[in-house]
Amino acid sequence: MKENIDDLTVFGGTPSFQEPLHVGRPNLGDRERLFERINDMLDRKWLSNNGPYVQELEQRISELIGVKHCIAMCNGTVALEIAIRSLELKGEVILPSFTFVATAHALQWQEITPVFCDIDPKTHTIDPACIEKMITPRTTGIIGVHLWGRPCDIVALEKIADTHHLKLLFDAAHGFGCSYKGRMLGSFGNAEVFSFHPTKFFNSCEGGAIVTNDDALAAKIRLMKNFGFSGYDNVIYIGTNGKMNEMSALMGLTNLESMADFIAVNYENYKSYQRGLDSLAGISLINYDQKEKCNYQYILLEIDESVTHVNRDQLVDILRAENILARRYFYPGCHRMEPYRSYFPNAGLMLPETERLVKRVLSFPTGTAVGPDEISKICQITRLAVQYGPEVKKRLSGYAANETTKSMVFEGFAV
Ligand code: T4K
């Protein structure tokens, strides 16, 4: 255990972990069951295009969510693109800037203008009070993102969408297995989109799905994800290749069987972080609503530099030196990424909460790859850095100045 700041690796101590601890190590289900399914797939020689494993996965997910249609996809981004196109969104669509860039790209890819809206600092999801200000005659829809698996204010969003005749789509990439007012995420708005990327607590290698209760929309999406084919030679709609393959589907089915175990591990990890960071001034751990179903897949910290002295980025450096690869999800906000930064250079003026939050949040490792021992060490290092904040900050600043001098020498600038 590291007990004083000289033990920190940034100041010359030995790294706490030999191997890097990543955020987003995949959770894996039963291997034997997986190999059985792979063999079965090889025997059947049916590898893609609405194969039996895809159909089974769609069925299982529909039942789990309580939604009429689940259309499995090759990944969450293509699922978003197809959902957006199937809803005939065009012109402008309002979404939060505080999300993974895929949410914005899925619009811009189709030459629809993403209009970035601020978030509620308590929930990190789109602030309904800000949406009305962004609506113009060109607005056709709203995309809410259930960030970290915490639901948007769905009732408020539905009301705005109804009043202004806008389509309502949810990016539920983080929301699989979570509920809102007792109903599973996936069954709200016109449609919702899941991601089953390996960094998600439930993965299908790569994958995603669109879920909806709208029969006509589901039929259209099924056509669109398979080039618009209806039968062998009959193309009746514009489409693309959004199909999930059998390998991904059987991975998904196998992992689905262990989903409750993954959530239990995430919950235990969450509680370990709660204990480990308890009453550490200036650090707050994400809150999850205990009355709702939740996947607990993100361990998100908010760092108040005015209390901790060390800022979020210095904490990242301290942790990285220990081989703890904490992530700055979702820094610096979509509006500060290309092409949006060039298109809307002043977007930040309308996004004060987003601008503040992107500098404060940090994601820590969780999932089946870590347990109480690792978490205890991670918390101990965080406590050390924060409790000795002023001293750590001073030494890090000196260290940074030294590093600059060294690199200047290296680059031939030394006097
Ligand atoms: N909407 C939202 C709100 C999203 O968060 C996402 C995806 C999407 C839409 C789009 O869904 P997809 O099209 O991706 O299905 C990632 C993921 O690429 C992305 O899926 C995810 N959100 C986002 C939050 O994170 P990176 O750059 O952090 O991922 P990557 O691949 O570098 O992985 C992170 C770490 O996880 C690695 O450093 C190590 C570990 N890892 C990763 C993979 C892929 C493993 O241990 N094994 C693996 O196989 O972006």
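Preceding block: the structure.
Just so it is clear, the model here is predicted, and its values are computed rather than measured.

Participant: I tried to follow the environment of Tyr273 on my own but got confused; where do I start?
Facilitator: Take Tyr273: it is sitting in helix H9 (residues 259-276). With 90 residues separating them in the primary sequence, Tyr273 and Ser363 have C-alpha atoms 12 Å apart. Not counting the four nearest positions on each side in its chain, Tyr273 is found in contact with Leu285, Ile299, Phe364, Pro365, Ile375, Ile378 and Cys379. A distance of 2.6 Å separates a polar atom in the side chain of Tyr273 from the backbone oxygen of Pro365.

Participant: Help me understand the nonpolar core in this model?
Facilitator: Nonpolar side chains in soluble globular proteins generally cluster together in the buried interior. If you look at the biggest cluster of nonpolar residues, it comprises 80 residues, and the most contacted ones within it are Phe98, Trp148, Phe176, Tyr273, Ile318 and Phe364. Look past the residues within four positions of Ile318 in its chain and what remains in contact with it is Leu8, Val10, Val310, Ile381, Ala385, Val392 and Leu396. One finds Ala79, Leu80, Leu95 and Ile210 within the second-largest nonpolar core, a separate group that totals 31 residues.

Participant: Could you clarify how one ought to interpret a nonpolar patch on the surface in this entry?
Facilitator: Together, Phe227, Phe229 and Val235 make up a nonpolar patch on the protein surface, roughly 240 Å² of accessible area in all. Looking at the element boundaries, Phe229 is found in the loop between helix H7 (215-224) and helix H8 (246-257).

Participant: In this structure, what is going on with the site of the ligand? I would like to understand it.
Facilitator: By nearness alone, 25 residues border the ligand, and Arg25, Thr77, Asp171, Ser195 and Tyr329 come closest of all. Residue His22 places a side-chain N or O atom 3.2 Å away from an oxygen atom belonging to the ligand. Ser195 is positioned such that a nitrogen or oxygen atom in its side chain is 2.8 Å from an oxygen atom of the ligand. When the ligand sits alone it has 900 Å² of accessible area, and the protein chains cover 76% of it. Breaking the shell around the ligand down by element, the ones donating at least two residues are helix H3 (76-86) and helix H4 (102-108). Among the domains, domain 1 (31-256) and domain 2 (259-401) are the pair contributing at least three residues each to the shell around the ligand.

Participant: What's the story with helix H14 (residues 372-387) in this structure? I'm lost.
Facilitator: Think of an α-helix as turning once every 3.6 residues; residues three or four places apart then point the same way. Counted at 1.5 Å a residue, the expected span for H14 with its 16 residues is 22 Å, and the 21 Å between its end C-alpha atoms agrees. All buried positions along H14 are accounted for by Ile375, Ile378, Cys379, Ile381, Thr382, Arg383, Leu384, Ala385 and Val386.

Participant: Explanation requested: the pattern of salt bridges in the structure shown.
Facilitator: Pairing between side chains becomes possible if they bear opposite charge and their charged atoms approach one another. A complete count under the given rule lists 19 salt bridges for this structure. In this structure, the salt-bridge partner of Glu58 is Arg222, at a minimum N-O distance of 3.1 Å. In this pair, Glu58 sits in helix H2 (residues 52-65) while Arg222 sits in helix H7, placing the two residues 164 residues apart along the sequence. Residue classification places Glu58 among the buried positions, given a relative accessible area of 6%. Relative accessible area serves as the criterion here: at 32%, Arg222 is assigned to the partly exposed category. Between Lys393 and Glu305 there is a salt bridge, and its shortest N-O distance comes to 3.4 Å.

Participant: Help me understand the packing of helix H1 (residues 31-44) against H8, please; the structure alone is not making it clear to me.
Facilitator: Relative placement of two packed helices is described by the angle separating their axes and the distance separating the axes. At their nearest, the axes of H1 and H8 sit 10 Å apart, and the two run at 150 degrees to each other. On the basis of their axis angle, the class for H1 and H8 is roughly antiparallel. Here the hand of the crossing between H1 and H8 comes out right-handed. For the pair H1 and H8, contact is made by Arg33, Leu34, Arg37, Ile38 and Met41 and by Glu246, Met247, Leu250, Met251, Leu253, Thr254 and Glu257, respectively. Of the residues belonging to the contact of H1 with H8, the class tally is seven nonpolar, one polar and four charged.

Participant: Just to check I follow, could you spell out the side chain of His69 for this structure?
Facilitator: Assignment of secondary structure puts His69 in strand S2 (residues 69-73). A distance of 2.8 Å separates the side chain of His69 from the side chain of Asp215, its partner in a polar contact. With residues up to four places along the chain from it excluded, the contact list for His69 reads Ser62, Ile210, Val211, Thr212, Asn213, Asp214, Asp215 and Ala218.

Participant: Before we go on, may I ask you to explain the sheet that holds strand S14 (residues 361-364) in this structure?
Facilitator: The strands making up a sheet are joined through hydrogen bonds of the backbone, oriented either antiparallel or parallel. With antiparallel pairing, three strands are arranged side by side in an open sheet as S11-S12-S14. At either margin of the open sheet sits one strand with a lone partner, and together these are strand S11 (283-285) and S14. With direction set aside, neighbouring strand axes in the sheet form an average angle of 30 degrees. As paired elements, S11 and strand S12 (residues 299-303) share three bridges and run antiparallel to each other. For Ile283, the partnering residue across the bridge sits in S12 and is Ile303. Packing of helix H11 (residues 312-321) onto the sheet brings it into contact with S12 and S14, and relative to S14 it is tilted by some 25 degrees.

Participant: What should I look at first to understand the packing of H11 against H14 in this one?
Facilitator: The N-to-C vectors of H11 and H14 enclose an angle of 135 degrees; their axes lie 11 Å apart at closest approach. On the basis of their axis angle, the class for H11 and H14 is oblique. The crossing of H11 and H14 is right-handed. Residues Leu315, Ile318 and Leu319 of H11 touch H14, and the partners they reach there are Ile381, Thr382 and Ala385. Class assignment for the residues of the contact of H11 with H14 results in five nonpolar, one polar and no charged.

Participant: For this particular structure, what's the right way to read the sheet that holds strand S10 (residues 208-212)?
Facilitator: One open sheet accounts for seven strands, arranged S2-S10-S9-S6-S5-S3-S4; its pairing is mixed. Each edge of the open sheet is held by one strand with a lone partner, namely S2 and strand S4 (113-117). With strand direction ignored, the average angle separating the axes of adjacent strands in the sheet is 25 degrees. Contacting S2, strand S9 (191-195) and S10, H2 crosses the sheet at an angle of about 135 degrees to S2. Against the sheet, helix H6 (residues 154-163) engages strand S5 (139-145) and strand S6 (167-171), with an angle of about 150 degrees to S6.

Rules of the game
Residues numbered from 1 in each chain as written. Predicted model: local features only at pLDDT ≥ 70, side-chain atom pairs only at ≥ 80, totals over all residues. Heavy atoms only, no water. Helix = DSSP H or I, 4+ residues; strand = E, 2+ residues; numbered from the N terminus. Contact = heavy atoms within 4.5 Å. Polar contact = N/O pair within 3.5 Å; in protein donor to acceptor, adjacent residues only side chain to side chain. Core = buried A, V, L, I, M, F, W, Y, C linked by side-chain atoms within 4.5 Å. Buried < 20%, exposed > 50% of the residue type's maximum accessible area, 1.4 Å probe, protein only. Patch = residues over 30% accessible without salt bridge, like charges linked within 9 Å, V, L, I, M, F, W, Y side chains within 5 Å. Areas by Shrake-Rupley, 256 points an atom, 1.4 Å probe, with all protein chains shown as cover. Salt bridge = Lys/Arg side-chain N within 4 Å of Asp/Glu carboxyl O. Near = heavy atom within 4 Å. Domains from an automatic or database assignment. Expected span 1.5 Å × (residues − 1). Axes fitted to C-alpha atoms, helices over the stretch in contact; angles between N-to-C directions. Parallel < 35°, antiparallel > 145°, perpendicular 65-115°, else oblique. Left-handed = near helix turned anticlockwise from the far one by under 90°. Nonpolar A, V, L, I, M, F, W, Y, C, P; charged D, E, K, R; others polar. Pairing = 2+ DSSP bridges.

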